[in-house]
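Structure assessment
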Amino acid sequence: MLKSLEKALHEAADGNVPFGCCLLYGEERYPHQFLNRGLARLVELGHTLEVYDCSQVTFQDILVTATAPSLFAQQKIVHLLNLDSYQKAEYEKLLVWIESLIESSPITYLFLSTFKLDGRSILVSRLKKKFTVVKSDKLRPAEVNQRLYRRAQAADIVVDMRVLEALVHLHEANLPLLEQEFEKMMLYVGAGGRIDQAVVDLLGVDGGGGNIFAFGDAICEGRGVTALVILDGLQRARTEALIIVAMVARQYRLLSRAASPEYRGASAATLAKALKVPPFVAKKLVNQAKRLLPPAYATAFAILRDTDLAIKTSRLPKAIILERMVLKLAGLR
């Protein structure tokens, strides 16, 4: 997805290529932000960009102004956004207009973007026959891993891939958040440095969340004392109590699936693919599932439910509520 957008931006930057067009649609926001950053970069490089908001400007007005020669350059890039504001009849006119741009126009590249456009729209079906059409979907963890790794490489920084996978897994491949946190870590270690778990813990990246994996592992493996020590660190990092409970609940959901008859005896690779977790997480789940008997999962979810309710309604300190949760869960077999 992002590679397609990158390719379109490179083509737009090359004034010698034939006319091109790229449609980006879908509700996932990061690809739209990525496109906007790319267009801003083209402006920094000296390209002329005209932006039209279709929710504010009629298609007829765009037709007149967008095709007029620019006062600043012979060639220009045009971006139409919020296309969902138009009706089907205007889409038909837009498609005819785009065809006319191929022959002769000051527009070298046309970008179209919208959040609410249906994938069955005539814009999607007709444009993808000749041009680039990209659906804005959530990035896969592997894509996020790759982008962050390449970013570190460009800055001459070594990254512990196990730590990187853990962060991506923890934040469910939320690239905007991860980029922000990664930038902080890269500034800290500098060129020639290394990002490892010690750096993550030191900077408090994700509010101590880097330790939530170790916390969940300690609970599920029955290591109550270790879990209490990690809990103290999470609380000193001001990690929200409900986030801690939510992450432990997530661990037990994964664990219950790993222990189900469907995946009993499955390899770590098969389990990783089915649960959409990194292979090293799947290996841990396989080992942890061997410890608990089937009735323990229902009890664990009941404890988590009661803990969630107590945090929201009880006058007891949250630290005590969480400590009780740890002791009860770690004692399950």
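Residues numbered from 1 in each chain as written. Predicted model: local features only at pLDDT ≥ 70, side-chain atom pairs only at ≥ 80, totals over all residues. Heavy atoms only, no water.

Each helix and strand counted, the protein has 16 helices and seven strands in total. The globule rule puts the C-alpha radius of gyration for 333 residues at 20 Å, and the 26 Å found for the protein is more than 25% above it. Principal-axis analysis of the C-alpha atoms places the extent of the protein at approximately 75 × 45 × 45 Å. Looking at the 333 residues of the protein, the share that counts as buried comes to 45%. Per element, the accessible surface of the protein, about 17600 Å² overall, is 53% carbon and sulfur. For the protein, the distance from the average position of its 43 positive side-chain charges to the average position of its 35 negative side-chain charges is 8 Å. (Helix = DSSP H or I, 4+ residues; strand = E, 2+ residues; numbered from the N terminus. Rg over C-alpha atoms; globule rule 2.2 N^0.38 Å. Buried < 20%, exposed > 50% of the residue type's maximum accessible area, 1.4 Å probe, protein only. Areas by Shrake-Rupley, 256 points an atom, 1.4 Å probe, with all protein chains shown as cover. Lys, Arg positive; Asp, Glu negative; His and termini not counted. Charge placed at Lys NZ, Arg CZ, Asp CG, Glu CD.)

All right, on to the sheet that holds strand β2 (residues 49–53) then. Taken in spatial order, the five strands of this open sheet run β2-β3-β4-β1-β5, and their pairing is parallel. With one partner strand each, in any of the chains shown, β2 and β5 (132–135) form the two edges of the open sheet. In this sheet, adjacent strand axes meet at a mean angle of 15 degrees when their direction is disregarded. In terms of strand pairing, β2 meets strand β3 (residues 76–81) through five bridges, oriented parallel. For Leu49, the partnering residue across the bridge sits in β3 and is Ile77. Together, β1 (20–25), β3 and β4 (107–114) form the strand contacts of helix α4 (residues 88–103), whose direction differs from that of β4 by roughly 155 degrees. (Pairing = 2+ DSSP bridges. Axes fitted to C-alpha atoms, helices over the stretch in contact; angles between N-to-C directions. Contact = heavy atoms within 4.5 Å.)

This next bit is on unusual backbone geometry. Positive phi, normally seen in glycine, also occurs at Asn82, with a value near 60 degrees. Note that Asn82 resides in the loop between β3 and α4. Its identity is not glycine, yet Asp156 carries a phi of approximately 60 degrees, on the positive side. One can find Asp156 in the loop between α6 (141–154) and β6 (158–159). What makes Asp156 exposed here is its relative accessible area of 52%.

Let's shift gears to the side chain of Asp217. Position of Asp217 among the secondary structure elements: in helix α10 (residues 212–220). For Asp217, a relative accessible area of 8% gives the class buried. Within the structure, Asp217 has its side chain in polar contact with the side chain of Gln288 (distance 2.9 Å). When near neighbours in sequence (up to four residues on either side) are disregarded, Asp217 contacts Arg223, Gln251, Lys284 and Gln288. (Polar contact = N/O pair within 3.5 Å; in protein donor to acceptor, adjacent residues only side chain to side chain.)

To continue, consider the packing of aromatic side chains. As enumerated under the stated definition, the model contains five aromatic pairs in all. A centroid spacing of 6.3 Å and a plane angle of 80 degrees characterise the contact between Phe59 and Tyr86, whose relative ring orientation is edge-to-face. Placement of the pair is Phe59 in helix α3 (residues 59–66) and Tyr86 in the loop between β3 and α4, with a sequence separation of 27 residues. With respect to burial, Phe59 and Tyr86 carry one shared label: buried. Aromatic side chains Tyr109 and Phe111 sit 4.8 Å apart centroid to centroid with 35 degrees between the ring planes, which places their arrangement in the tilted category. For the pair formed by Tyr109 and Phe111, the shared burial category is buried. (Phe/Tyr/Trp six-rings, centres within 6.5 Å; stacked < 30°, edge-to-face > 60°.)

With that out of the way, let us pick up the environment of Lys88. Tracing the chain through its elements places Lys88 in helix α4. Note: C-alpha distance between Lys88 and Ser121 (33 residues apart in sequence) is 8.5 Å.

Under the defined criterion, the tally for this structure stands at 13 salt bridges. The salt bridge partner of Arg37 is Glu179, with a shortest N-O separation of 3.9 Å. Remark: Glu179 occurs in helix α8 (residues 175–189) and Arg37 occurs in helix α2 (residues 29–44); sequence separation between them is 142 residues. The exposure class of Arg37 is partly exposed, given its relative accessible area of 42%. On the accessibility criterion, Glu179 (15% relative accessible area) is buried. One salt bridge connects Arg305 with Asp306, and the closest N-O pair in it is separated by 3.2 Å. Given the relative accessible area of 55%, Arg305 is considered exposed. It is possible to trace a salt-bridge network through shared partners that takes in Arg37, Arg151, Glu179 and Glu183. (Salt bridge = Lys/Arg side-chain N within 4 Å of Asp/Glu carboxyl O.)

On to the confidence of the model for the protein, then. Chain-level pLDDT for the protein is 84 on average; 94% of the residues reach the 70-or-more range. Every residue in residues 206–210 scores below 50 in pLDDT, and together they form 14 contacts with partners more than four places removed in sequence or on other chains. (pLDDT = per-residue confidence, 0-100.)

Across soluble globular proteins, you tend to see nonpolar side chains buried next to one another. Ranked by size, the top nonpolar core spans 45 residues in total, and within it Phe215, Tyr252, Met325 and Leu329 carry the most contacts. Sorting the residues of this core by element identifies α10, α11 (224–236), α12 (241–258), α13 (268–275), α14 (279–289), α15 (295–313) and α16 (318–330) as the ones contributing at least two each. It is α12 that contributes the most residues to this core, 10 residues altogether. The contact partners of Met325, leaving out residues within four places of it in the chain, are Phe215, Val245, Val248, Ile303, Leu304 and Thr307. Ranked by size, the runner-up nonpolar core spans 34 residues in total, among them Leu42, Leu148, Val163 and Ile195. (Core = buried A, V, L, I, M, F, W, Y, C linked by side-chain atoms within 4.5 Å.)

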